Amino acid sequence: MVDLSTLATFVAVVLGLFLIPGPAVLMTLGRAASGGRRVGVSTGLGIATGDLGHGVMATFGLSALLMTSALAFQLVKYVGVAYLVYLGIRAFMEKSGALSLPNTAALSASRAFRQAVLAELLNPKTALFFLAFLPQFVHRGHGPVIAQLATLGFVFALMSAAYTSLIAMGAGAFRRLLERHRAIGRWQGKAVGSLYIALGARLALQER
């Protein structure tokens, strides 16, 4: 199983990613603004369900490969590190403008949930992120690889559900914060990029 120190690091990194407003947060806020808290919470839960789906696919897709040999295990990790650093550099170099909430039509809670699930499941960037991100916290000597991947994927989805639900519940205050501090959008890419690059560098050096 995942040891407590690795799990604590994983939770801290995921929390850092969540605290920087991204598409999931803006989508949740937009739905909450147009349809109310219930629709916003349903959107957040839909996104988390999609994340859980990606976690399941990554678990079964990666576990067989990671268990074949130590070489395959290390190869997957270093490819993942390279991808995270690439994402970081691209995000850091992007020119970002002020954050703005998407215009969304009013929907029922059930329809908002279904749309969010599909949007997250069909996002290839999310799939690639899971494939690159989860293996960085897996250690061959800490029990079955499939159990470690499943635990990490479940924790990510659980944190996603909790965070987006809180965002939906406090949508009004959060929206006012974004409107008052529009510079957040200009620093978003640099913050996300720095986090990815630092994570990739730390994980690459940790293996040596």
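Further up the page is the structure itself.
Fair warning: this is a prediction, and the values are worked out from it, not measured in the lab.

Chemist: When you look at the overall build of the chain in this model, what are you seeing that I'm missing?
Modeler: The helix and strand inventory of the chain stands at nine helices and zero strands. If you list the helices and strands of the chain from N to C, you get α-α-α-α-α-α-α-α-α. Counting the 208 residues in the chain, one finds 45% classified as buried. Across the chain, the fraction of contacts at a sequence separation of at least 24, relative to all contacts at a separation of at least 6, is 86%.

Chemist: Is there a simple way to explain the environment of Phe 73 in this structure?
Modeler: As for its placement among the helices and strands, Phe 73 is situated in helix H4 (residues 70–93). The class for Phe 73 is buried, based on a relative accessible area of 3%. It is 9.4 Å that separates the C-alpha atoms of Phe 73 and Leu 62, two residues lying 11 residues apart in sequence. Filtering out sequence-adjacent residues up to four positions away, Phe 73 remains in contact with Leu 66, Val 138, His 139 and Arg 140.

Chemist: Teacher, can you tell me more about the packing of aromatic side chains here?
Modeler: How two aromatic rings sit relative to each other is set out by the distance from centre to centre and by the angle between their planes. If you walk through the whole model with that rule in mind, you get 10 aromatic pairs. Centre to centre, the rings of Phe 18 and Tyr 163 are 5.5 Å apart; their planes meet at 5 degrees, and the pair counts as stacked. Of this pair, Phe 18 sits in helix H1 (residues 4–19) while Tyr 163 sits in helix H7 (residues 145–169); the two residues are 145 residues apart in sequence, bridging distant segments of the chain. The class for Phe 18 is buried, based on a relative accessible area of 13%. One aromatic cluster is present, built from ring pairs that chain together Phe 10, Phe 18, Phe 129, Phe 130, Phe 133, Phe 137, Phe 156 and Tyr 163.

Chemist: What is the right way to look at the nonpolar core in this model?
Modeler: Note on soluble globular proteins: their nonpolar side chains tend to be buried together. By size, the foremost hydrophobic cluster in this structure holds 34 residues, and its most contacted members are Phe 10, Phe 129, Phe 133 and Leu 134. With eight residues, the single largest contributor to this core is H7. Not counting the four nearest positions on each side in its chain, Leu 134 is found in contact with Phe 10, Ala 58, Leu 149, Leu 152 and Gly 153.

Chemist: I keep staring at the side chain of Ser 63 and nothing clicks. Help me out?
Modeler: Note on placement: Ser 63 falls in helix H3 (residues 37–66). Side-chain polar atoms of Ser 63 contact the backbone oxygen of Thr 59, separated by 2.9 Å. If we ignore the near neighbours within four places in the chain, the residues touching Ser 63 are Ala 58, Val 145, Ile 146 and Leu 149.

Chemist: Looking at this structure, how should I read the packing of H3 against helix H5 (residues 109–121)?
Modeler: When two helices pack together, their arrangement is captured by the angle between the axes and the distance separating the axes. At a minimum axis distance of 7 Å, the contact between H3 and H5 shows a crossing angle of 30 degrees. What the angle tells us is that H3 and H5 run roughly parallel. Taken as a pair, H3 and H5 cross one another with a handedness that is right-handed. Of the residues in the contact of H3 with H5, the class split is 10 nonpolar, seven polar and three charged.

Cut-offs applied
Residue positions within a chain follow its written sequence, with the count starting from 1. The predicted nature of this model means local features are confined to residues of pLDDT at least 70 and side-chain atom pairs, given and counted, to a pLDDT of 80 or more, with totals for whole chains, interfaces and linings taken over all residues. As a convention, hydrogens and water are excluded, and side-chain values are obtained from all of the structure's heavy atoms. The numbering of helices and of strands both runs from the N terminus, where a helix is a DSSP run of H or I of at least 4 residues and a strand a run of E of at least 2. A 1.4 Å probe rolled over the protein chains alone gives each residue an accessible area, and that area as a share of the maximum for its type sets the label: buried under 20%, exposed over 50%, partly exposed in between. Between two residues, a contact is recorded if the distance between any of their heavy atoms is within 4.5 Å. For this analysis, a ring pair means two rings from Phe, Tyr or Trp (six-membered ring only for Trp) whose centres lie within 6.5 Å, classed as stacked if their planes differ by under 30 degrees, edge-to-face if by over 60, and tilted for the remaining angles. Here, the term nonpolar core denotes a set of buried Ala, Val, Leu, Ile, Met, Phe, Trp, Tyr and Cys residues that are joined through side-chain atoms within 4.5 Å. Any N or O atom pair separated by 3.5 Å or less is treated as a polar contact, with the protein-specific requirement of one donor-capable and one acceptor-capable atom, and with residues adjacent in sequence counted only for side-chain atom pairs. Axes, fitted as lines to C-alpha atoms, cover a helix only where it is in contact. Angles between the N-to-C directions of the axes lie from 0 to 180 degrees. In this scheme, roughly parallel covers angles under 35 degrees and roughly antiparallel covers those over 145, while 65 to 115 is roughly perpendicular and the rest are oblique. If you view the pair so one helix is near and one far, a crossing is left-handed when the near helix is turned anticlockwise from the far one by less than a right angle, and right-handed when it is turned clockwise. The nonpolar class holds Ala, Val, Leu, Ile, Met, Phe, Trp, Tyr, Cys and Pro. Asp, Glu, Lys and Arg form the charged class, and all remaining residues, Gly among them, are polar.

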